[in-house]
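Read off the chains here:
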Amino acid sequence: DGMISLALEGVCAAASCSSAHAVAVHPQEGSLAFPAGSVFVLYSPWSRRQVRFLSQPEAALEDRVPFRALCAAFSTTGQLLAAAFGAGSGYQDASSEVVIFADGVVLVEPLVGPGGRCWQVAWACNDTVLVAVGTTVRVWRWPEAQCIGELSIGSPAWAFSWCACQPSPGFAIVRPQGLTWHVMRSSPAHADAVFEERLVDLQQVEGPGVPVQIVDVTSAQDGVLYALSLQSTILRLRQGVVERFNRIHSGAARAVEILADGRLACAFADGFVHMVDSNTLAVVADFWLGGESTGGPIAAVGLAAARFPRRGTEALWVSFADGSLSAIKSDSTEVPWQTLPSLVSPGTACDLVALRGADLALCGDCGLALRCMTGEGIGLGEVLVPDCEYDFSVVTTDADLLVMVCGHTTGGLSVFSMHDLRVLPVRVKTKTQSRVRALSVLVMAMGVNQKAAIVAAALNNIIEIHLVPFLMDSVPGQRSKKPSVIIAMNEPFIKTSLPSLALIQSPGDVLAWTHNSNEPFNMRLVTSGPEMLLIREVRFKGAGGAKVRRIHQELAVKSAWVAIGHCIGGESAFAIALHGFATNFTIDTGERLGQFQVALPPGQTIGNKLRVDSTGRILAVTVEQGTIVAPHVLVLDAETGCCLANLTGHITPISGLAFSSIGRLAVLGTDGSLLVWCISRDGVPLMVPLRVDELLPSMDHVRAASAPLQLTHVMQPQQQKQQQQQQQKQQHQHQKQQQQQ
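Small disclaimer: the values here were computed from a predicted structure and weren't measured.

Describing the sheet that holds strand β49 (residues 561-566)
And then number 1: Ordered in space as β49-β50-β51-β52, the four strands form an open sheet in which the pairing is antiparallel. The open sheet is flanked by β49 and β52 (592-597), the only strands paired with a single partner. Strand-to-strand, the axes of this sheet are offset by a mean angle of 20 degrees, without reference to chain direction.

Regarding the pairing of strand β8 (residues 95-102)
And then number 1: In terms of residue burial, β8 counts as a mostly covered element, since seven of its eight residues are buried.
And then number 2: Inspection of the sheet shows strand β7 (residues 81-87) paired to β8 by seven bridges, in the antiparallel sense. Of the residues in β8, the one forming a bridge with Gly 86 is Ser 96.
And then number 3: Pairing of β8 with strand β10 (residues 111-112) involves two bridges; the strand directions are antiparallel. Bridging across to β10, Val 98 finds its partner in Leu 111.
And then number 4: Pairing between β8 and strand β9 (residues 105-106): two bridges, direction antiparallel.

Some thoughts on the packing of aromatic side chains
And then number 1: Under the definition given, this model contains three aromatic pairs.
And then number 2: Relative to Trp 317, the ring of Tyr 43 has its centre 6.5 Å away and its plane inclined at 90 degrees; by these criteria the two rings are edge-to-face. Of this pair, Tyr 43 sits in strand β4 (residues 39-44) while Trp 317 is found in strand β30 (residues 313-320), placing the two residues 274 residues apart along the sequence.

What about the sheet that holds strand β48 (residues 546-554)?
And then number 1: Spatial strand order, β45-β46-β47-β48: four strands in an open sheet with antiparallel pairing. Single-partner strands in this sheet number two, and they are β45 (501-504) and β48. Within the sheet, the average angular offset between the axes of one strand and its neighbour, ignoring direction, is 20 degrees.
And then number 2: Pairing of strand β47 (residues 532-540) with β48 involves eight bridges; the strand directions are antiparallel. From the neighbouring strand, Glu 537 faces β48, where its bridge partner is Arg 549.

Quick word on the pairing of β52
And then number 1: Bridging between strand β51 (residues 581-586) and β52 involves five bridges; their strand directions are antiparallel. Of the residues in β52, the one forming a bridge with Asn 584 is Gly 594.
And then number 2: The turn joining β51 and β52, which pair antiparallel and follow one another in sequence, is formed by five residues; a positive phi near 80 degrees is taken by Gly 590.

Describing unusual backbone geometry
And then number 1: For the bond running from Trp 142 to Pro 143, omega is 20 degrees, close enough to zero to count as cis.
And then number 2: For Asp 127, which is not glycine, the phi dihedral falls at a positive 65 degrees.
And then number 3: Mapped onto the elements of the fold, Asp 127 is located in the loop between β11 (120-124) and β12 (129-133).

Describing the confidence of the model for the protein
And then number 1: Looking at the protein, pLDDT values average 75 and 73% of them are 70 or higher.
And then number 2: Within the protein, β10 carries the highest mean pLDDT (90), whereas strand β61 (residues 709-712) carries the lowest (36).
And then number 3: In the model, residues 704-721 has pLDDT below 50 throughout and makes 29 contacts with residues more than four positions away in sequence or in other chains.

With respect to the pattern of salt bridges
And then number 1: Evaluation of the coordinates by the stated rule reveals nine salt bridges.
And then number 2: Arg 138 is paired through a salt bridge with Glu 150; the nearest N and O atoms lie 2.8 Å apart. In this pair, Arg 138 is assigned in strand β13 (residues 136-141) and Glu 150 in strand β14 (residues 146-152), connecting sequence segments twelve residues apart.
And then number 3: With a relative accessible area of 13%, Arg 138 lands in the buried category.
And then number 4: The class for Glu 150 is partly exposed, based on a relative accessible area of 41%.
And then number 5: Put simply, Arg 611 and Asp 351 hold a salt bridge, and the shortest N to O gap is 3.5 Å. Taken as a pair, Arg 611 in strand β53 (residues 604-612) and Asp 351 in strand β33 (residues 349-354) lie far apart in primary sequence, 260 residues in all.
And then number 6: We classify Arg 611 as partly exposed; its relative accessible area is 23%.
And then number 7: Residue Asp 351 is classed as buried on the basis of its relative accessible area, which comes to 4%.

So, how was this worked out
Residues numbered from 1 in each chain as written. Predicted model: local features only at pLDDT ≥ 70, side-chain atom pairs only at ≥ 80, totals over all residues. Heavy atoms only, no water. Pairing = 2+ DSSP bridges. Helix = DSSP H or I, 4+ residues; strand = E, 2+ residues; numbered from the N terminus. Axes fitted to C-alpha atoms, helices over the stretch in contact; angles between N-to-C directions. Buried < 20%, exposed > 50% of the residue type's maximum accessible area, 1.4 Å probe, protein only. Phe/Tyr/Trp six-rings, centres within 6.5 Å; stacked < 30°, edge-to-face > 60°. pLDDT = per-residue confidence, 0-100. Contact = heavy atoms within 4.5 Å. Salt bridge = Lys/Arg side-chain N within 4 Å of Asp/Glu carboxyl O.

Right, dumping it as structure tokens:
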């Protein structure tokens, strides 16, 4: 009963840049607009906070899922922001629309975008003309928002640049066939625009018969056009004719941008950024802003530059393929460019946990990131883990320790804990070297200044439980005791399905134990298989070993249990089967408290993420479409199973859910984007603040740091040596190239 209302209160996301011009910089304030899933995030580099987020109008989302945020452009005054949203994965079958914002408010109805995928939007003619390019080029007159022309080019155009050259202003388009120059034969005041197309001759660049693939183009105020080829050759053109060219790098090129002082910035796939003199086309400075991954250097995707008169600063932002953003700035042309703090992405996101207040911790295959789920979306810091191939990760927490567990593709586990801004890594060897199929972790106290992570892992058909101790006040050279295996159990049913695994603390148990005490600590281990849900009590007595006692076994007809969840301090837990059959049971005895059937749309099944709010009355569960995790979440009534809300807005599959201590639901996508929801009935929030907020750690000391926190795990000597060799090789290649020039 009552009206259910949804409110998207915050977004904290990594950039999802797919084109060279996806990121826009405000020309006066310096705030950054970048795409993140289905929204654009406005980020202030000066306060290091998100200012706001922009999404499509609600009226446009009544009958369909949100479009993906693609690219954006500020007007020359910064008062307007044109943002393109698109649907579809292909170039030809995609559709798009352009939304005009002013101070976060939509000014007009969304404009029908160009054909296919929109790769770039741009303002021209003193903000009186708006252009968007895809498989067609659409031109609007502003502020009338009237389409005055559409040019069909038959193939996707991934870059565009307007040249205000006289007497014939025009624009250049980059597409697979090459670089084309288009002259606009009518003024923007006319109702219809007339275009004259001319293919730019590039044979002199690489020689006759050698194709030159242009990747990006930009123009100066005097009408000179600069183009960058995939082979890292920079070209200067005037009225569509090549005047000069020079190869400036040995790797593949990605983007070019002209700076306020007339120099050019060029980004490359190996993470390098070159500053190029616009007259001689020679490299005058270079930077390496990219990171390293298991596959090599992280490729740059695009550039965005602006000069801020109020601050006397010029900044250049570089977007990378992993969702991170790096920047360099210069206070004058004489001062060398300096690097700014980066927005680091934790990689493919895997899990999410709520901390005290509005803080969250999310983990991915590249590390651990701390976020604030308020509208400001403060990035608290990142923990980068060493190069390794991980299947997936889970994260948990107690009052002052944050633990992330990663499963290796080659077998074994890595456990990373963070306490008081220090990272404590431990490598755990498993008895079997098979890949991890499920993980769960709890934190317990172990006497003075020591805690431990209890890790349960399903490996092939074995479930192993490990005790991983950590010294909370450790100093260099001082180590905790080695990890030990509590118990290993054979579970034949794991061979036939991906299990759900959960370590749960019973309300009557205290997770505390010392080496000198014979007092045991207890916990519950809940595992699932086809038509089976097993609840066990695990009692550990140190030197006396561990004992496992089966408490309860629940059967579900023709289905498999896929999701298990419980609330902190609660006496009961929930399990939902593949086709929506759910049961509520007590943690101590396994007694059934209730059952219901979740109504699912045709072709959809329950996913493996289930979370329960602090009252035990609200459930949040992921959904799968076939074998793919759907990008939306069902919010259910825990007593009846009725669907209270269907949360959309993500573009990628959902990888994490968390009810925060401030009464909000945070939803995490695999791309690292966080959407924060408030769900109300008749204006009253359904999710209340946690009753046990004191059990969660606080990251206030991280937020109080003067600069964004960068916690980097110390690499092994072999990894350090490999990285040094790679950097020396890149420096040698660059020096050799400069000598040749």
